[in-house]
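What the coordinates show
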Amino acid sequence: MPDTQKLSKVEAIKEGSRYLRGTIVEDLANESTPFSEADYQVLKFHGTYQQYDRDTATERKQRGLKKEYQCMVRVKIPGGRLSADQYLVVDALAGRYANGSLRITTRQGFQLYGVIKADLKATIADINATLLTTLGSCGDVVRNLTTNPAPIRDAVHTRLEEDARMLARELAPRTRAYHEIWIDGEKVDTGEEDREPLYGSTYLPRKFKIGLSTPDDNAIDVLTHDVGIIALFEGERLTGYNLALGGGFGMTHNKPKTYPRLATPIVFVEPDDLLRAVKAVIELQRDHGDRSDRRHARLKYLVDDKGAAWIKATLEDYFGAPLADPRPMGEFKVVDHMGWHAQGDGLWYLGVPVSSGRIVDRNGSKLRTALREVFESHRTDPILTPNQDIILSDIAPDDRAPIEALLRDHGVPFAEDWSPVKRWALACPALPTCGLALTEAERVKDSLISDIEQALARHGLADELLSVRITGCPNGCARPHNGDIGLVGRMPGYYVLYVGGDFAGTRLNTMLLDKVALKDIVP
C-alpha cells in the first residue's frame, strides 16, 4: 500500500505495543477496572477478548452499576488434535475460572467464557502448562490451522495433520511478550530485542486464516480461508498443493464494498515448497494489504483489487521463483465423521455430535461429565471438528461397548439420534457474550432447527442433507455464506435469509430476503 495512506487506529496501537506488550501488565494489576481500549486490541493477539454480559448491561446501567466485564479465552489447537490430559486440564479450567462450559469453535479450537480479569493470568498460564497455547488464536496473525479431523491412519490424513502442525509451529508469532506477561512474570524490556521476522512490528493488516484439505473431504470449507491449501494425491503419493487465495466471509450490512468471497486457486506448489509458498503469501499480504481501513484489510480485497495475474506475479517475487498454475482437482465432497469408524490401524474412532459446539451438562444430557469420564477412564484422545463436534480417537475394539454405554447412560445423543439438518447445523455464540452480535444465534438454534425438522417432515424431506448456518452478525463465524441456508443477524430479532449454497462448500449463497423476523424464518 502507498506510504502516504492514513493508518487505522489499530495500526497505531500495534506499532506502539512493543511487540504486543502494551500496558497489559499494569492493566492486570488493577482488577476492578476493565482493560483500556489499546490493551483490548493487543489482548486479542494473546488469545482473549474482553466482553461483558449484554443480558444484564441495561438493567445494571439503570441501577447505576458498571457492566459485568469478563473475558473469552480461546485455545489454539492445530487441526483440533489434543491429548486426553490436555482436554481434562481445559475442562477443569472451565469449571474453576469460566462458566462451566467448553465451546468448540468452527476452527477446531476451544473457547472459555466468563473468565474474570482476576483469573485471566492463571487461566492462560494453566493452559500453557499443558503444552497448549492461546497466542495467535486471535489478532492480526495466522490463526489456528484447520484440517481434516478424521484420525484415519493412512498417508493422506497423516500428511495433512503433519502439515498443519508444521505450519502452526513455523508461522507462530515470535514475541517474548506472551511468556513475560502470562507465564514468567513481568520483565524489564524495551522491545528492541524482539524481532518478528515474518510479521514485523505491526503484524498483518487483519486476521489471516489457513486451512488444509483434499477434494475428497472438504470438512473445513477450505475455500473460506485466506489461504486454502488443497493437497493433491495420486493414491497415497502427494503430488503437491493448489493454493487458493482470498477466501473470507466477514462483511458489513449496507456496505457493498464489503462482501463474502470464496478463495481463488492461484498457483500449484511442489510438496517440499509448501512452507516457502505460504510465507510468500503472508509477506505479500503484510506489505500490500490495506492498513487504512480494517473493513477492507483482508487478503480477499487485495485479490479482487489487483487481480489474480498481479497476485501470482507478485507472489513469485516473494517466493523467488516461477510458480505453476493450479492443477485440476476432483469434485469437492464432505464426509460424515459422526458415529463409529475404523481408523485403519485396528483401532476405532467415534464422532459425537455437539449442539453449537457447547460441551455442558443441561437438558437431560450430561455431555461434559460423560466426556470427562471417558477421557479419565479410557484415555482416548479427542479431536475437535470444524462442525463444532468432537471425535474420540484411538479406541480399542474392546472399549467400544463400554464407551458407548457410558455416553448413553449420561443421556448423550449419538449421530443416529439426530436428523441430518440437526447434525449439520452451525451457530455462533452471539448473545449474550459477543460484543458484535446484533441478535441471537446459539440460543435460538435448537428451537429453530426443531421447527425446520418438522417442516421438512411434513414435505417428506426428513432425510434431506441440508446445512443451516446461523450467525448473530455478518462477520460469518459459523460460515453462513456457503451453506444451503444462511441466517445472518440484521437487528434484534431479525435476520437476512440466504439460500443456494452447496453442501460441499464450493458455491456462495445469495440473499433471498432481508429483515426476516425469527418467527417468520421457517414459514
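Below or above, wherever it landed, is the structure these notes cover. (Residues numbered from 1 in each chain as written. Predicted model: local features only at pLDDT ≥ 70, side-chain atom pairs only at ≥ 80, totals over all residues. Heavy atoms only, no water.)

Focus on the nonpolar core
If you look at the biggest cluster of nonpolar residues, it comprises 96 residues, and the most contacted ones within it are F110, L243 and L407. Residue contributions to this core peak at seven residues, all from helix α9 (residues 274-288). Beyond its immediate sequence surroundings of up to four residues, L243 is in contact with V227, G228, I229, T264, P265, I266, V267, V269, L274, A277 and V281. Formed by 23 residues, the second largest nonpolar core is a distinct cluster that contains A425, L426, I452 and V516. (Core = buried A, V, L, I, M, F, W, Y, C linked by side-chain atoms within 4.5 Å. Buried < 20%, exposed > 50% of the residue type's maximum accessible area, 1.4 Å probe, protein only. Helix = DSSP H or I, 4+ residues; strand = E, 2+ residues; numbered from the N terminus. Contact = heavy atoms within 4.5 Å.)

Some points on the state of the cysteines
Two cysteines whose sulfur atoms are joined by a covalent bond form what is called a disulfide. The final tally for this structure, using the stated rule, is zero disulfides. Free of any disulfide, C138 has its nearest neighbouring cysteine sulfur in C477, separated by 10 Å. As a non-bridged cysteine, C428 has C477 as the owner of its nearest cysteine sulfur, 6.2 Å distant. (Disulfide = S-S within 2.5 Å.)

Remarks on the pattern of salt bridges
Summed over all chains, the structure comprises 40 salt bridges. We note a salt bridge from E68 to R60, for which the minimum N-O separation is 3.9 Å. A salt bridge links D417 to R408; its shortest N-O distance comes to 3.4 Å. D417 gets classed as partly exposed once you look at its relative accessible area, which sits at 43%. Three or more residues are tied together by salt bridges with common partners; here these are E11, K14, D140, R291 and R294. (Salt bridge = Lys/Arg side-chain N within 4 Å of Asp/Glu carboxyl O.)

A word on the sheet that holds strand β9 (residues 264-269)
Strand order in the open sheet formed by five strands is β5-β6-β7-β8-β9, and the pairing between neighbours is mixed. Whereas interior strands pair on both sides, the edge strands pair on one side only; in this sheet they are β5 (146-147) and β9. As paired strands, strand β6 (residues 210-213) and strand β7 (residues 227-234) are joined by four bridges and run parallel to one another. Each bridged residue has a counterpart across the sheet, and for I210 the counterpart in β7 is V227. (Pairing = 2+ DSSP bridges.)

Focus: the environment of D216
Structurally, D216 can be placed in the loop between β6 and β7. Spatially, the C-alpha atoms of D216 and K333 are 5.3 Å apart, while their sequence positions differ by 117 residues. With sequence-adjacent residues up to four places away left out, D216 is seen in contact with K333 and V335.

What about the sheet that holds strand β10 (residues 339-342)?
Within a sheet, neighbouring strands are paired by backbone hydrogen bonds and run either parallel or antiparallel to one another. Reading across the sheet, the four strands line up as β10-β11-β16-β15 and stay open at both edges, with antiparallel pairing between neighbours. Because the sheet does not close on itself, it has two edges, and the strands there are β10 and β15 (381-384). With strand direction ignored, the average angle separating the axes of adjacent strands in the sheet is 25°. (Axes fitted to C-alpha atoms, helices over the stretch in contact; angles between N-to-C directions.)

So, to be careful, I would describe these as geometric facts and stop short of saying anything about function.
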